[in-house]
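# Tertiary structure, described
Take a look at the letters that make up each chain.
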Amino acid sequence: MEKIKRKPRKAHVAENDCVACGCCAKVCPMQAISVYKGVKAVVDWKKCVGCGKCAKECPASVIELREIEL
Amino acid sequence: MKKKWYDYLWLLSLTYLILGFFNILFAWLGLLCFFIPLIIAFVYGTKSYCNRYCGRGQLFSLLGGRFGLSRRHDIPQWMKSKAFRYGFLIFFCVMFLQMLWNTYLVFAGTADLQQAVTLLWTFKLPWHWAYLGNAVNPGAAQFAFGFYSVMLTSTVLGLITMVLFKPRSWCVYCPMGTVTQLICKVKNKE
């Protein structure tokens, strides 16, 4: 049986709906997410391990885990 | 992660709410929650206040998160829409101006001091015990009552959405958050 190869899942921010509150940055264990210039949250996919803590915390629920190719 | 000094600012927010029960003049301190975020946004172009120092946000995340007083459901789509966020900001500002107008009337001597806290812009709660006499101009006391009304109303709204949705749902439609984000957007476009 052939194994299906999946890409790693990482946090993805729907930037237009982000309120830049920074709740995500507070819970990230890898310090992979930060608020860029008070406008939106930005994820450093090199650091993100896809744990989903930020997605769970986000009060606007604008973060989701997606398969992302670096 | 090691806790920093600013992780305890929720204590200040809580103290502020409690002090208002004993002496309404403490309500003036709430202006800090208005000016600090604005100054940070104007000078540095960031939302550091929301991100780090907001005691109210910390209080909600403590009650909703640690104490589990939140259903942790997704906030409805319309509540995070730009229309609702800006609409709420405008409504909030109009109500604030009305409060300032009432304060002005008391300062000018055309209206009497109302020793009441107005909750959710509608319900007048008796609050006379927190007014300890004529040490200050009645206008200054009127502002304190009005400002405490604003702070208590927003706390109640925040608590309701905390229970219904996620702990810090208030942050989605917080007027200060909306306005500082707007400032940052304009400032960082230059």
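Above this text you will find the structure in question.
This is a predicted model, so every value here is computed, not measured.

## Overview of the overall build of chain A
In terms of regular secondary structure, chain A is built from 2 helices and 4 strands. Order of helices (α) and strands (β) in chain A, N terminus to C terminus: β-α-β-β-α-β. The C-alpha extent of chain A, read off along each of the three principal axes, is 50 × 20 × 20 Å. Within chain A, the proportion of its 70 residues that are buried is 40%. Of all intrachain contacts in chain A linking residues separated by at least 6 positions in sequence, the fraction that spans at least 24 positions is 60%.

## Digging into the environment of G158 of chain B
For G158 of chain B, the location among the structural elements is in helix α6 (residues 138-164). The residues contacting G158 of chain B, other than those within four sequence positions of it, are R56, F60 and W170 of chain B.

## Quick notes on helix α4 (residues 55-66) of chain B
Residue and element names in this part refer to chain B. Taking 1.5 Å of rise per residue, the 12 residues of α4 would be expected to cover 16 Å, and the 15 Å separating its terminal C-alpha atoms lies within 8% of that figure. Among the residues of α4, R56, G57, Q58, L59, F60, S61 and G64 are the ones counted as buried. Close packing links the buried residues of α4 with α1 (10-22), α3 (48-53), α6 and α7 (170-173). Positive phi shows up at G68, right after α4, with a value of about 65°.

## Considering unusual backbone geometry
Here K37 of chain A, not a glycine, exhibits a phi torsion of approximately 50°, which is positive. The exposure class of K37 of chain A is partly exposed, given the 16 C-beta atoms found within 10 Å.

Criteria and cut-off values
Residues numbered from 1 in each chain as written. Chains lettered and ligands numbered in written order. Predicted model: local features only at pLDDT ≥ 70, side-chain atom pairs only at ≥ 80, totals over all residues. Helix = DSSP H or I, 4+ residues; strand = E, 2+ residues; numbered from the N terminus. Buried ≥ 20, exposed ≤ 12 C-beta atoms within 10 Å, placed from the backbone. Contact = placed C-beta atoms within 7 Å. Expected span 1.5 Å × (residues − 1).

Remember that the coordinates give geometry; whether it matters functionally is a separate question.
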